[in-house]
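Take a look at the letters that make up each chain.
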Amino acid sequence: MPSSDYSLSVLPHSPVAKKQPKTLITHDKKRIDDYYWMRDDERKNEKVLAHLQAENNYCDEQLVSIKPLQNTLFEELKARIVKDDNSVPVKDGKYWYHSEVRGDDEYARHYRSTSIKAENKALLLDVNELAQDFEFFDLGEVALSPNEQLMAYSQDTEGRRIYNVRFKNLSTGEMLADELENTEGQVVWANDNKTVFYVKKDLQTLLGYQVFRHELGSEQDQDVLVYEEHDSSFFMGLGKSRDESLIIIDLASTESNDTWVLDANNPQGNFSALMPREECHEFDVDKLGNTFYIVTNWQAKNFRLMTATEQTIADKTQWQEHTAHREHVLLEGVELFNDFLVLSEREQGQARFVVVNKEGERMALEFDDPCYYAAVAMNPEPNVITARIYYSSLTTPGSLYDVDLKTGKKTLLKQQKVLGDFNATDYQSERLMVTARDGVKVPVSVVYRKDSFNKDGTNPLFQYGYGAYGYTIDPSFSSTSLSLLDRGFVYVIAHVRGSEMLGRNWYEQGKKTHKQNSFSDFIDVTKALIAQNYCDSSKVFASGGSAGGLLMGAVLNQAPQLYCGVGCHVPFLDVLTTMLDESIPLTTNEYDEWGNPSEPQFYDVIEAYSPYDNISAQNYPNILVTTGLHDSQVQYWEPMKWVAKMREYKTDNNILVFKTDMDAGHGGASGRFKSLEEKALEMAFFIALLE
């Protein structure tokens, strides 16, 4: 590796938080929380804000020596991005829709035209213009009326995922006076082109729990409540069926689903339940023509595809089986076309697609990389014989294909350009299976630069993990990771239990009472890679965010000696206290994931791994923690408390820095370039620790 003149040495006088003991008693068990006072729901407490600013100042001072490296990395990351870029136009109705970014713009402009060549394009929305007065901006959903003359769009300007909705007349270019506040961000049009439905949020819990009907030209306070969900364990979403005949309320908890529907041609009507709500019945339903298609776990742990009619949909016993359950194949979803179905499946951790025609003939779509990510892309119209598929691997930039559903022939429409001297053949990816301590084999995706890797135990290693909610981190291309690979790093994704990489059971073995498996898997992957000479044992780095931040916090307590440095981002660290407090946003939705600690068995399980509760007097590695003050998913005070307690207990002289973005939320900074600064910071932190 090239030599450098930057170095990191620990500065004295790190911020010391005051201790204000609060006694917490549950099930006759007592905990003392010295930093409970850091919670401020309003985010206005001067002492809290002052301490966060002190941490930010210390972080900047501590890392000032690596600022030139961070800047170098930031410029590297920017230099790989095509500044002037267009998306591939997609046809929906009479028009072709696409987006463009230009120069140093942080956001896209959205257009439509009457041909795929984007001739005579008309500007629909300039997100740069919308975002210009805000430090943070997220464009939520853009929804066009069925006649394509009106557009609704939602925007979040604080990072708390609370969206306001505006409307635009596309014929005149004028903005309508209508504005909908405090929404989930989704807007669904009825077929009359003047009525929309939206989900309103509870501003305390940040849960969407009410569906309202709004008629254009009226005030929001005149909107009609058409559905309210009283079970706070459910998330709420809105959509429209594939054939656009139904408006759908989708209710989802971790272990159950419920669906309510309304005739899209009768917006003044009432929503009705599609089928009885049933505990532990997970399903996803869509409709095309006279047929409902249901991906369901009813008598099928890994899901199967069933069909029903309007007359039989409410009675599971009358459903017809289209695709049977398979023990080793996870059915993830289905895309409906008039003459075909495209099934998204996963076997042995690898995604695949199966095209099924009307005669029931099946054709698998194959890809060549040893590990990759693939997904059905935007396919707005069902009356076509081609489907758009997105594909990427650890060595293959994101690629968009049109796939002929009759023959399986793939036509490349566009591949992400990577500027500079990138050559895919310089890099090698692998899929490994690591044996964990209980004998279970854990999938691991690995990539490295060929000319800097000899498997001789000399390389630094960056290991990433998540492992929760059944969410699978597929091995996809990242141009940012090239800055590590080109400096000799081996990049690793540990597909620990808690995802659905190996099917539904893989998820269930990483949640609730089995959550420890996620942490053990991650640690065991690190140990195996060291033993197999993929890296130098003194140069191992790890990173994770949100539930992956919980993973980092637990791993830090259980195996701190394995890591030189750890990145912990918007981390869920104070699990026990948060899950005992139903007033904290989203807590009640999480019971099926972590368990409800109001029940003694789950209290004991969570207490055993909760990162905040298990900090002890021991040596910890170098740690970089980041969060957003306005985070609505994991509250800022979780990492704030954790850092304060870590400073009190840790016995080492390693670096611990904590940076809070005072404008951002759970997703971090907004904009295509601004967000790269956060990536550059972590990479600079890790690289500098090698010196």
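Whatever comes next refers back to the structure up there.
The model shown is predicted, which means the values in this text are computed figures rather than measured ones. (Residues numbered from 1 in each chain as written. Predicted model: local features only at pLDDT ≥ 70, side-chain atom pairs only at ≥ 80, totals over all residues. Heavy atoms only, no water.)

Caption draft 1: Highlighting the overall build of the chain. Helices and strands together make up the secondary structure of the chain, namely twelve helices and 38 strands. Over its C-alpha trace the chain gives a radius of gyration of 25 Å, about what one expects of a compact globule, namely 26 Å for 691 residues. Judged by the C-alpha coordinates and their principal axes, the chain covers about 65 × 55 × 50 Å. Per-residue burial for the chain yields a buried fraction of 58% across its 691 residues. Put simply, of all contacts in the chain between residues at least 6 apart along the chain, 57% involve residues at least 24 apart. (Helix = DSSP H or I, 4+ residues; strand = E, 2+ residues; numbered from the N terminus. Rg over C-alpha atoms; globule rule 2.2 N^0.38 Å. Buried < 20%, exposed > 50% of the residue type's maximum accessible area, 1.4 Å probe, protein only. Contact = heavy atoms within 4.5 Å.)

Caption draft 2: Spotlight on the pairing of strand 26 (residues 362–365). As paired elements, strand 25 (residues 350–357) and strand 26 share four bridges and run antiparallel to each other. Counted as the bridge partner of F353 is L365 from strand 26. Hairpin connection from strand 25 to strand 26: four residues lie between these consecutive antiparallel strands, with G360 at a positive phi of about 85 degrees. (Pairing = 2+ DSSP bridges.)

Caption draft 3: Molecular detail of the nonpolar core. Within the largest apolar cluster, 113 residues are counted, with the highest numbers of intra-cluster contacts made by F522, Y563, W594, W642 and F685. Examining the composition of this core, we find that nine residues originate from one element, helix 12 (residues 674–688), more than from any other. Those residues within four positions of Y563 in sequence are excluded, and the remaining contacts are F522, I523, T526, V540, F541, A542, V555 and P621. (Core = buried A, V, L, I, M, F, W, Y, C linked by side-chain atoms within 4.5 Å.)

Caption draft 4: The arrangement of the packing of aromatic side chains in detail. With the rule as written, the count across this model stands at 28 aromatic pairs. Here the aromatic residues F462, F489, Y491, F541, F685 and F686 are joined through ring pairs into a cluster of three or more. Over the ring of Y612 we find K645; its NZ or CZ atom is 4.7 Å from the centre of that ring. (Phe/Tyr/Trp six-rings, centres within 6.5 Å; stacked < 30°, edge-to-face > 60°. Lys NZ or Arg CZ within 6 Å of the ring centre and 35° of its normal.)

Caption draft 5: Structural view of the pairing of strand 6 (residues 109–113). Here strand 5 (residues 95–101) pairs with strand 6 via five bridges, running antiparallel. Paired with E100 across the strands is R109, a residue of strand 6. Summarising the sheet, strand 6 and strand 7 (residues 122–126) pair through four bridges and their orientation is antiparallel. In the strand pairing of strand 7, R109 is matched with D126.

Caption draft 6: Representation of the environment of I25. Among the secondary structure elements, I25 is positioned in strand 1 (residues 22–26). Separated by 188 residues in sequence, I25 and R213 have C-alpha atoms that sit 44 Å apart.

Caption draft 7: How the structure looks around unusual backbone geometry. The backbone of N193 shows a phi angle near 65 degrees, a positive value even though the residue is not glycine. Locating N193 in the fold gives a position in the loop between strand 11 (175–189) and strand 12 (195–201). With relative accessibility at 19%, the residue N193 sits in the buried group. A positive phi angle is found at N533, which is not glycine, with a value near 65 degrees. If you trace the backbone, N533 turns up in the loop between helix 6 (516–531) and strand 35 (540–545).

Caption draft 8: Quick peek at the side chain of T396. Its place among the elements puts T396 in the loop between strand 28 (386–393) and strand 29 (399–404). The class of T396 is buried, set by a relative accessible area of 17%. Of the polar contacts made by the side chain of T396, one reaches the side chain of S393; its length is 2.9 Å. (Polar contact = N/O pair within 3.5 Å; in protein donor to acceptor, adjacent residues only side chain to side chain.)

Caption draft 9: How the structure looks around the sheet that holds strand 24 (residues 340–347). Pairing is antiparallel across the open sheet formed by four strands, whose spatial order is 23-24-25-26. Both edges of this open sheet fall to strand 23 (329–336) and strand 26, since each of them pairs with a single strand only. Between one strand axis and the next, the sheet turns through 25 degrees on average, direction left out of account. (Axes fitted to C-alpha atoms, helices over the stretch in contact; angles between N-to-C directions.)

Caption draft 10: Examining helix 6 more closely. Helix length check: helix 6 (16 residues) gives 22 Å between terminal C-alpha atoms against 22 Å at 1.5 Å per residue, within 8%. Among the 16 residues of helix 6, twelve are classified as buried, and the element is accordingly described as predominantly covered. Of the positions making up helix 6, those classed as buried are N517, S518, F519, S520, D521, F522, I523, D524, V525, T526, A528 and L529. A positive phi of about 65 degrees marks N533, the residue just after helix 6. (Expected span 1.5 Å × (residues − 1).)

Caption draft 11: Quick look at the sheet that holds strand 34 (residues 490–494). Pairing in this open sheet of eight strands is mixed, and the strands run 31-32-34-33-35-36-37-38 from one edge to the other. One side of each edge strand has no neighbouring strand; the edge strands of this open sheet are strand 31 (427–435) and strand 38 (656–661). Strand-to-strand twist of the sheet, defined as the mean angle between neighbouring strand axes without regard to direction, takes the value 15 degrees. Here five bridges tie strand 36 (residues 565–569) to strand 37 (residues 622–628), and the two strands are oriented parallel to one another. Within strand 37, the residue paired with C568 across the bridge is V625. Against the sheet, helix 7 (residues 547–558) makes contact with strand 35, strand 36 and strand 37, and its axis sits at roughly 140 degrees relative to strand 35, the strand it touches most.

Caption draft 12: A look at the pattern of salt bridges. Overall, the coordinates contain 45 salt bridges when judged by the stated rule. With its nearest N and O atoms 3.1 Å apart, the salt bridge here joins E100 to R102. For R102, a relative accessible area of 30% corresponds to the partly exposed category. Measuring nitrogen to oxygen at the nearest pair gives 2.8 Å for the salt bridge that ties D243 to K287. With D243 in the loop between strand 15 (235–240) and strand 16 (246–252) and K287 in strand 19 (residues 283–288), this pair connects stretches of sequence that are 44 residues apart. Through salt bridges with shared partners, one network takes in R326, E345, E347 and R352. (Salt bridge = Lys/Arg side-chain N within 4 Å of Asp/Glu carboxyl O.)

Caption draft 13: Main features of the packing of helix 6 against helix 7. Direction vectors running N to C along helix 6 and helix 7 enclose 70 degrees, while the axes themselves pass 9 Å from each other. As summarised for this structure, helix 6 and helix 7 are arranged roughly perpendicular, according to the angle between their axes. Where helix 6 crosses over helix 7, the handedness of that crossing is right-handed. Residue-level contacts link Q516, S518, F519, F522 and I523 of helix 6 to L550, L551, M552, A554, V555 and Q558 of helix 7. (Parallel < 35°, antiparallel > 145°, perpendicular 65-115°, else oblique. Left-handed = near helix turned anticlockwise from the far one by under 90°.)

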